[in-house]
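Listed below, chain by chain, are the residues.
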Amino acid sequence: MIQGFSLNPAAPQDLLRRLFENHPREFGPALRQRADLPDDIVAAAVRHPSPWTRRAIGSNPSVDPEIRLSLVEDPDGDVALAVVLSPWPGQRWREAVTRHLDHLVALVHAGRRDEQAARVALEELGSEDRRAVALMVAHPAPTVRLAAAGLIGPGRPLWNRLAADDDPRVRADVARREHEATRARGLADFPQKPCHARTDTIVGRRLTPEAVAHLLRTEPASLAYNKYLTPETVAALVAHPDPAVRRPAAYRTDLTRAQVHALIADPDVSVRTAASLHALLGEEIQTTIDIDPSTMDPDILAPVPDDLTESIRLATSVNPLRRRRAARDPRLPAGTVTVLAGDADPQVRMHVALHHPDPPPALLLRVFREDVSRRRALANRIPPDGLSAFAADPDPEFRALALRDPATDPIPLLDDPDPRVRRAAVASPRVPADRLVVMLDDPDPGVADAAAANPALPVPVMVQRAAATARPA
């Protein structure tokens, strides 16, 4: 309830002060979100002993940027990073990042933080916000540029700038990293136990002939994803007796035409399905390939074509996997979108609903019904008009969706057995004040908070309930 009161637009400033003083933790969302916080609350939050509180106020984009900038130098590194990564207006983002970089360098120079710890903090910033990497490369302190080297791959323009850096330490570190990135890995470089690092080495690094020969015997399926293999090794994978090896080999872009044609005639349907996506195959051959889209690994998606004409062509393919690829192109014209919205393949419909800027409302509702895992991503894309028709739907998420339509009466849904529906209903501005008071005692805390945040709730009730929960002196 306290969190709801603190977010209520109608809550008077005196109440906000008492809530902040007595319930600083519950007041956190208000510190991050409210645009009308009293100046004294802002000042107290900036000086608060709790890093969590300082982090919340520093992340509020409505707080004066000058006040927030002081927190990019917070003694708690997590606070400083969170504030830098929060939204900033215009060029203030650049100012916040630069000030944070300068502060970390000053800490090193003052002996209050060792250089390695500072580099870890810098790399975390660059990993979370890739825009900061360019500022790091241009920073006057070598410590910052050294950290940037760990965030850039060889051959990129920023990498080339660091390779010609004025500081010999930076140049040496770039040379070391380039050698490490390009050298072939042998068996001694592999972690002994299965882990992400082992998989990343097998899949993403150049390998010595000895390592390739060993992996071809022991882990050929993982090896099949490695892009640095010789034609002889690729041929061995394509002809491997295990379909679990031939299937990932079929995704490779360096296959010969003969190898692709062998794979689309493979006795295993999952191999044929994977091979059917290959760029060497034209549409005329697709009807001859016996595939099963359900065998396709959902984590492997061919990239959206650079050329819109190619996406439009793929949208008419008899192969649903090709249509799925086209459906992810947000540039598709309205006519193509309409056709794909009625596609027989659920994955095609889902991709259109998620990726196109203006999908048909009926498609959004259909995918919302069919694909429960995508509902959070789809809910705010569905226009509110006409949703009142779902107020009595058996699915509680549809009943909650119905409340986005101004024509839906929220009163009957205040007694819904599902708390998700009650939360949506009690947030309506049309709920009478007396019902809001009753909903403050709902057994679901989320419903009670939603009632407490409704601006139609009488202020005296807010004050009375907040006083009843105040901590004893």
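See the structure above.
Reading the values: rules and limits
- Each residue is numbered by its place in its chain's sequence as written, counting from 1.
- Local features in this predicted model are restricted to residues of pLDDT 70 or higher, and side-chain atom pairs are both shown and tallied only at a pLDDT of 80 or more, whereas totals for entire chains, interfaces and linings draw on every residue.
- Note that the side-chain values use all heavy atoms of the structure and ignore hydrogens as well as water.
- Here the term buried applies to any residue with accessible area under 20% of the maximum for its type, exposed to any over 50%, and partly exposed to those in between, with areas from a 1.4 Å probe on protein chains only.
- Secondary structure follows DSSP: runs of H or I at least 4 residues long count as helices, runs of E at least 2 residues long count as strands, and numbering of each begins at the N terminus.
- Residue contacts are counted whenever heavy atoms from the two residues lie within 4.5 Å of one another.
- An axis is simply a line fitted to the C-alpha atoms; with a helix, the fit covers only the stretch in contact. Between two such axes, the angle follows the N-to-C directions and lies from 0 to 180 degrees.
- Reported orientations rely on four angle classes, namely roughly parallel under 35 degrees, roughly antiparallel over 145, roughly perpendicular from 65 to 115, and oblique for the rest.
- Ten residues, namely Ala, Val, Leu, Ile, Met, Phe, Trp, Tyr, Cys and Pro, are considered nonpolar, four, namely Asp, Glu, Lys and Arg, are considered charged, and the remaining ones, Gly among them, are considered polar.
- A pair is scored as a salt bridge if a Lys or Arg side-chain nitrogen falls within 4 Å of a carboxyl oxygen belonging to Asp or Glu.
- The pairing test for Phe, Tyr and Trp rings, Trp by its six-membered ring, is centres within 6.5 Å, and the orientation test on the planes gives stacked under 30 degrees, edge-to-face over 60, and tilted for anything in between.
- In this scheme, the term charge over a ring applies when either NZ of a lysine or CZ of an arginine sits within 6 Å of the ring centre and within 35 degrees of the ring normal.

Draft legend 1. Spotlight on helix α11 (residues 142–149). Taking burial as the measure, the eight residues of α11 include seven buried ones, the bulk of the element. Looking only at α11, the buried set comprises Thr143, Val144, Arg145, Leu146, Ala147, Ala148 and Ala149. Buried residues along α11 sit against α8 (92–109), α9 (115–128), α10 (132–137), α12 (157–163) and α13 (168–182).

Draft legend 2. The arrangement of the packing of helix α4 (residues 39–46) against helix α5 (residues 51–58) in detail. Packing of α4 against α5 leaves a shortest axis separation of 8 Å and a crossing angle of 130°. Classified by the angle between their axes, α4 and α5 sit oblique to one another. Between α4 and α5, the residues in contact are Val42, Ala45 and Val46 and Thr53, Arg54 and Ile57, respectively. Grouping the amino acids of the contact of α4 with α5 by side-chain chemistry returns four nonpolar, one polar and one charged.

Draft legend 3. Representation of the pattern of salt bridges within the structure. Per the stated rule, a full pass over the model turns up 37 salt bridges. Across the salt bridge formed by arginine 465 and aspartate 441, the nearest N and O atoms sit 3.2 Å from each other. Remark: aspartate 441 occurs in the loop between α29 (433–439) and α30 (445–452) and arginine 465 occurs in helix α31 (residues 459–468); sequence separation between them is 24 residues.

Draft legend 4. The packing of aromatic side chains, seen in detail. Counted by the stated rule, this structure contains three aromatic pairs. Each ring, one from phenylalanine 20 and one from phenylalanine 27, has its centre 5.7 Å from the other, and the planes form 65°; the classification is edge-to-face. Across this residue pair, the class does not change: phenylalanine 20 and phenylalanine 27 are buried. Ring plane angle 85° and centroid distance 5.1 Å describe the contact between phenylalanine 368 and phenylalanine 398, whose orientation is recorded as edge-to-face. Of the two residues, phenylalanine 368 sits in helix α25 (residues 361–370) while phenylalanine 398 sits in helix α27 (residues 396–402), which places them 30 residues apart along the sequence. One aromatic cluster is present, built from ring pairs that chain together Phe368, Phe390 and Phe398. Seen from the ring of tryptophan 52, arginine 25 lies directly overhead, with NZ or CZ sitting 4.0 Å from the centre. Sitting over the face of the ring of tryptophan 88, arginine 68 holds its NZ or CZ atom 3.9 Å from the ring centroid.

By themselves these figures say nothing about function.
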